[in-house]
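Observations on the model geometry
Each chain, written out:
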Amino acid sequence: ELKVEQNPLFLSMQEGKNYTIYCNYSTTSDRLYWYRQDPGKSLESLFVLLSNGAVKQEGRLMASLDTKARLSTLHITAAVHDLSATYFCALQDSNYQLIWGAGTKLIIKP
Amino acid sequence: GAGVSQTPSNKVTEKGKYVELRCDPISGHTALYWYRQSLGQGPEFLIYFQGTGAADDSGLPNDRFFAVRPEGSVSTLKIQRTERGDSAVYLCASSLTGAVAYNEQFFGPGTRLTVL
């Protein structure tokens, strides 16, 4: 059974700090997604990582994928309050189904 | 429309009642997905349509749940004899197509179902 585990599940941090969210998965795949969800809102796609060693950056967020270690990371640089949200990683299985992590609730304090 | 839309945004019903949740995907997207998200958890796959047919309904929890997509566009998720445990946010997503190497799913705002 394909499993996706995120950690931490909850993260409270100060503005200006750096931190990393980890996403481990249990079986081989080279299609991993990161989504953002604001309270009461739907899911917004952030990154799609397609191959080993892939790195993508958008603003203060950078995502990477290591398929050999079955690990993806989402790194936050110099966090700002607007990045407060819940972040999900999801692994694409069988070409269409997304298997999701439990999410990391990120609170960034001014 | 520009994105995936879902109606209603909120639905409150009583235990035992029947409900229908509607999803209108992005125009031109042939693949459509239903997920269920409980509080504090990630979404859980329910069913996937490619065109009009359900390509994978393995995530439907039991036979009270059924979904259709008769014309390959709008989809309706139907829940019979609702139970309190059905309370969740039901999310719909669409993608340009299904079985390709890169298949980004775009999500609607969800329908929050509350069964009293």
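For the structure itself, look to the data block above.
A brief look at the structure comes next. Please read all numbers here as calculations on a predicted model, not as lab measurements.

Right, let's talk about the state of the cysteines for a bit. Applying the stated rule across the entire model yields 2 disulfides over all chains. A disulfide bridge connects Cys23(A) with Cys89(A), and the sulfur atoms are separated by 2.0 Å. Measuring handedness by torsion sign, the sulfur bridge of Cys23(A) and Cys89(A) sits at about 80° and is right-handed. With a gap of 66 residues between them, Cys23(A) in strand 3 (residues 19–25) and Cys89(A) in strand 9 (residues 85–93) connect regions that are remote in the sequence. Accessibility expressed as a relative area gives 0% for Cys23(A), which makes it buried. Cys23(B) shares a disulfide with Cys92(B); S-S distance 1.8 Å. Of note, the bridge from Cys23(B) to Cys92(B) carries an S-S torsion of about -65° and is left-handed in sense. On the criterion of sequence distance, the pair formed by Cys23(B) in strand 3 (residues 19–24) and Cys92(B) in strand 9 (residues 88–95) is long-range, its members being 69 residues apart. The exposure classification of Cys23(B) matches that of Cys92(B), with both residues buried.

Let's shift gears to the interface of chain B and chain A. By a widely used convention, the size of an interface equals the accessible area lost when the partners come together. Contact with chain B, which involves 23 residues of that partner, is made by 18 residues of chain A. In this assembly, chain B packs against chain A so that about 1600 Å² is buried in total across both faces, 54% of it on carbon and sulfur atoms. Inspection of the chain B/chain A interface yields 0 salt bridges. Viewed at the interface, chain A and chain B are joined by 5 residue pairs in polar contact (both at pLDDT 80 or more). Taken together, the elements giving at least two residues each to the side of chain B that touches chain A come down to strand 4 (31–37) and strand 5 (44–50) of chain B. Here the side of chain B that touches chain A is composed, by residue class, of 12 nonpolar, 9 polar and 2 charged.

Rules behind the numbers
- Residues numbered from 1 in each chain as written.
- Chains lettered and ligands numbered in written order.
- Predicted model: local features only at pLDDT ≥ 70, side-chain atom pairs only at ≥ 80, totals over all residues.
- Heavy atoms only, no water.
- Disulfide = S-S within 2.5 Å.
- Helix = DSSP H or I, 4+ residues; strand = E, 2+ residues; numbered from the N terminus.
- Buried < 20%, exposed > 50% of the residue type's maximum accessible area, 1.4 Å probe, protein only.
- Contact = heavy atoms within 4.5 Å.
- Buried area = accessible area lost by both parts, 1.4 Å probe.
- Salt bridge = Lys/Arg side-chain N within 4 Å of Asp/Glu carboxyl O.
- Polar contact = N/O pair within 3.5 Å; in protein donor to acceptor, adjacent residues only side chain to side chain.
- Nonpolar A, V, L, I, M, F, W, Y, C, P; charged D, E, K, R; others polar.

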